[in-house]
Amino acid sequence: MLPPPQFSHGDFVAVLSRCGTLAHLKQLHAHSFVTGRAAAQTTTFQLLRFASLRLSCLPYARRLFDSTPHPNVFLYSAMLSAYAAASPAHAYSRDALALFLRMLRRGRPAPNQFVYPLALRAACAVGVQLIRSVHSHACKSGFHAYDVIRTSLLDGYSRYGMMQGARKLFDGLTDRNVVSWTALVSGYARAGKVGNALVMFERMPERDVPAWNAVIAGCTQNGLFVEAVGICRRMVDEGFRPNGTTVACVLSACGHLGTLEIGKVIHGYAWRSRVGFGSSVVNGLIDMYGKCGNLKEARWMFDEVSDRSLTTWNSLINCLALHGHSESAIAVFSEMRDEGIEPDEVTFVGLLNACSHGGFIDEGLKYFEIMCDELRIEPEIEHYGCIVDLLGRAGRFEDVMDVIKNMKVQPDEVIWGSLLNACRTHRQLELAEFAIRKLLQLNPNNANYVVMLANLYSEGGFWEEVTKVRKLMQEDIMGKKLPGCSWIEVDRKTHIFYSGDDAHPESEHICNILEELAASMEICQD
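Here's a quick rundown of the structure.

Thresholds, definitions, all that
Residues numbered from 1 in each chain as written. Predicted model: local features only at pLDDT ≥ 70, side-chain atom pairs only at ≥ 80, totals over all residues. Heavy atoms only, no water. Core = buried A, V, L, I, M, F, W, Y, C linked by side-chain atoms within 4.5 Å. Buried < 20%, exposed > 50% of the residue type's maximum accessible area, 1.4 Å probe, protein only. Helix = DSSP H or I, 4+ residues; strand = E, 2+ residues; numbered from the N terminus. Contact = heavy atoms within 4.5 Å. Axes fitted to C-alpha atoms, helices over the stretch in contact; angles between N-to-C directions. Parallel < 35°, antiparallel > 145°, perpendicular 65-115°, else oblique. Nonpolar A, V, L, I, M, F, W, Y, C, P; charged D, E, K, R; others polar. 1 Å grid on protein atoms, 1.4 Å probe; cavity = no way out; pocket = protein on both sides within 12 Å on 5 of 7 lines; lining within 4 Å. Points joined across faces, edges and corners; volume = space filled by probe spheres on them. Arc of directions from axis to C-beta. Salt bridge = Lys/Arg side-chain N within 4 Å of Asp/Glu carboxyl O. Expected span 1.5 Å × (residues − 1). Patch = residues over 30% accessible without salt bridge, like charges linked within 9 Å, V, L, I, M, F, W, Y side chains within 5 Å. Areas by Shrake-Rupley, 256 points an atom, 1.4 Å probe, with all protein chains shown as cover. Phe/Tyr/Trp six-rings, centres within 6.5 Å; stacked < 30°, edge-to-face > 60°. Lys NZ or Arg CZ within 6 Å of the ring centre and 35° of its normal. Left-handed = near helix turned anticlockwise from the far one by under 90°.

### Remarks on the nonpolar core
And step 1. Counting 160 residues, the largest nonpolar core has Met-79, Ile-216, Tyr-367 and Leu-419 as its most contacted members.
And step 2. Considering every element that reaches this core, the biggest residue donor is helix α5 (residues 73–85), with nine residues.
And step 3. Filtering out sequence-adjacent residues up to four positions away, Tyr-367 remains in contact with Ile-330, Phe-333, Phe-348, Leu-351, Leu-352 and Cys-355.

Structure representation (structure tokens):
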């Protein structure tokens, strides 16, 4: 029997690159055993990286790692990188941290400047205390001064809103690259400090697509939807090519603004540039079309997806519920469960909203019970808000108050606001006043609530109560009534109008047109 052919390292790498399946990789691994190459850690390194990064087979990669008696720092780094590259990454964070802890306990090899950032990435998904622990160990081992580790720490602390510490790390960097700038911009945006994020973005000496995405995502997450669309336009004007993350963020902004035409342009770009096949983009398109009222297109997008994730199902259910298609939303939920997809807390927010809007009281209570008792999903404030709205619309105020009293979280403005709206519908003035006072405790500077109560009393002819409420406004309310707001899309540009506001550049012309229309209506009536 002839011995197997001997491969040089270059030949081995060439053959490895042509492996298309795990079976091929196992054959090559077996060949390396026969030829004695498997004992070399460089061979294990190559096999491990290929198994994890090209074949996405983490179990086999870990078997390769565990079969090495004394793995060197490169193998540790490769295995930690495999966990970091896995999807979803947070699912393997504890495995990565356990491996890092094993490395520390064995003492050899010691972590280096490439291992610490990977450990910090895993720690970010678990908790800030672990970030501090890895930070402390990096300081003790003398690696804290490396900019790559400082940047990872900056990103970790900023993810938990610790911007003072993050900024201190940024200021201490000797070489601030685009990654460190982007991490700081993202941190400010996550913390709700969009102004700081925009200032730092403008100061960046150079930008890449992730930097633009950080500021666009920050605007979208903080409700600055017009600004998000505007920054995306500027990004394209400056020669950058939006990727799937950009598209998903801008689609979310378009959905909130109701700018269907801009959303269609983004859809066309995603299709032409081949970035429209990722799940985040598809879900964004369903959400955008649904929020803009084009449910037919949203359903078509949904039907075109063969491998539907839970987010995809949630997007369609929420869109149908938003536009009052309650029976369709419930039908999609049933279809989802028939396909074996387990619902989550987001699913039930959409489902309970659908029941509330459709008046399906018994069904809504049944689904809430399934969520809590059968699926063991802990109710959040949004779920309680749906139940309060559901019962309030039906005029079941005793049940509403029982739900509020037994909530496991403190009622917020949404809860008391839902109760107030139900009280207005069913003329429950005493309970409405109670809800108003609860709202004022939460937000004493919002005069809208008291104005609503005064209007309710005046509609019922309770003029003494109107006087009392107006006195309450004078004594207790220091803020101002928030102005009404509306917007309209014209030629792919969003125009925003506030009540009593003349800041629009064409406000004078608009007012003249309104006066002409009013005059024409008077003539027609005569």
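That was the structure; now back to the text.
### Some details on the packing of helix α3 (residues 41–54) against α5
And step 1. Between α3 and α5, the least distance of the axes is 10 Å, while the angle of their chain directions is 0°. As far as their axial angle goes, α5 and α3 are roughly parallel. Along its contact with α3, which presents Gln-41, Thr-44, Phe-45, Leu-48, Arg-49, Ser-52 and Leu-53, the element α5 presents Phe-74, Leu-75, Ala-78, Met-79, Ala-82 and Ala-85.
And step 2. When its residues are assigned to classes, the contact of α3 with α5 shows nine nonpolar, three polar and one charged.

### Here's the deal with the layout of surface pockets
And step 1. In this structure, the largest pocket encloses a volume near 870 Å³.
And step 2. Around the largest pocket, the lining is made up of 38 residues, and of these Arg-121, Asp-155, Arg-159, Ala-183 and Arg-190 lie nearest the centre.
And step 3. Of all the secondary-structure elements, those providing two or more residues to the lining of the largest pocket are α5, α6 (93–106), α7 (115–124), α9 (147–159), α11 (178–190) and α13 (209–221).
And step 4. If one sorts the elements of the lining of the largest pocket by residue count, α11 sits on top with seven residues.
And step 5. Residue classes in the lining of the largest pocket are distributed as 21 nonpolar, 10 polar and seven charged.
And step 6. Space inside the second largest pocket adds up to approximately 470 Å³.
And step 7. When residues of the lining of the second largest pocket are traced back to their parent elements, those giving at least two are α13, α15 (244–257), α17 (279–291), α19 (310–322) and α21 (345–358).
And step 8. Per element, the largest residue contribution to the lining of the second largest pocket is seven residues, and it comes from α19.

### As for helix α12 (residues 194–203)
And step 1. Taken together, the buried positions of α12 are Val-194, Ala-197, Met-200 and Phe-201. One side of α12 carries all its buried residues, which in axial view fall inside an arc of 125°.
And step 2. Summarising the contacts, the buried residues of α12 are in contact with α10 (163–171), α11, α13 and α14 (225–237).

### Here's the deal with the pattern of salt bridges
And step 1. Under the defined criterion, the tally for this structure stands at 19 salt bridges.
And step 2. Asp-155 is the salt-bridge partner of Arg-159, the closest N and O atoms lying 2.9 Å from each other. With Arg-159 and Asp-155 both in helix α9 and four residues apart, this pair spans about one turn of that helix.
And step 3. Taken together, the shared-partner salt bridges in this structure form one network comprising Arg-299, Asp-303, Arg-308, Glu-335 and Glu-339.

### Digging into α19
And step 1. The terminal C-alpha atoms of α19, which comprises 13 residues, lie 18 Å apart, in line with the 18 Å expected from a rise of 1.5 Å per residue.
And step 2. If you check which residues of α19 are buried, you get Thr-312, Trp-313, Asn-314, Ser-315, Leu-316, Ile-317, Cys-319, Leu-320 and Ala-321.
And step 3. Buried residues along α19 sit against α17, α18 (295–304), α20 (326–338) and α21.
And step 4. Backbone geometry just downstream of α19 places Gly-324 in the positive-phi region, at approximately 80°.

### Some details on the side chain of Ser-158
And step 1. Inspection of the secondary structure puts Ser-158 in helix α9.
And step 2. Judged by relative accessible area, Ser-158 falls into the buried class, the value being 1%.
And step 3. Dropping the residues within four chain positions of it, Ser-158 is found in contact with Met-163, Ala-166, Ala-183, Gly-187 and Arg-190.

### Digging into a nonpolar patch on the surface
And step 1. Taken together, the side chains of Ile-510, Ile-513, Leu-514 and Leu-517 define a hydrophobic patch exposed on the protein surface, amounting to about 330 Å² of accessible area.
And step 2. Relative to the helices and strands, Leu-514 resides in helix α29 (residues 507–525).
And step 3. Taking relative accessible area as the criterion, Leu-514 reaches 51% and is therefore assigned exposed.

### Considering the packing of aromatic side chains
And step 1. Overall, the coordinates contain 13 aromatic pairs when judged by the stated rule.
And step 2. Seen from their ring centres, Tyr-116 and Phe-143 are 5.7 Å apart, and the 45° between their planes marks the pair as tilted. Residue Tyr-116 is found in helix α7, and its partner Phe-143 is found in the loop between α8 (128–140) and α9; the two are separated by 27 residues along the sequence. Pair check on accessibility: Tyr-116 and Phe-143 agree, each one buried.
And step 3. Three or more aromatic residues link up through ring pairs in this structure, and these residues are Phe-100, Tyr-116, Phe-143 and Tyr-146.
And step 4. Here the guanidinium or amino end of Arg-207 rests over the ring plane of Trp-212, the centre of that ring lying 5.6 Å away.

### Considerations on the packing of α19 against α21
And step 1. At a closest axis distance of 8 Å, the pairing of α19 and α21 adopts a crossing angle of 20°. Classified by the angle between their axes, α19 and α21 sit roughly parallel to one another. Crossing geometry of α19 relative to α21 is assigned as left-handed. Contacts between α19 and α21 involve Leu-310, Asn-314, Ile-317, Asn-318 and Ala-321 from the first element and Val-346, Thr-347, Val-349, Gly-350, Leu-351, Asn-353, Ala-354 and His-357 from the second.

### Considerations on the environment of Ala-98
And step 1. With respect to the helices, strands and loops of the structure, Ala-98 is situated in helix α6.
And step 2. Here the alpha-carbon distance between Ala-98 and Ala-119, two residues 21 residues apart in the chain, equals 9.7 Å.

The analysis is restricted to geometry; functional conclusions fall outside its scope.
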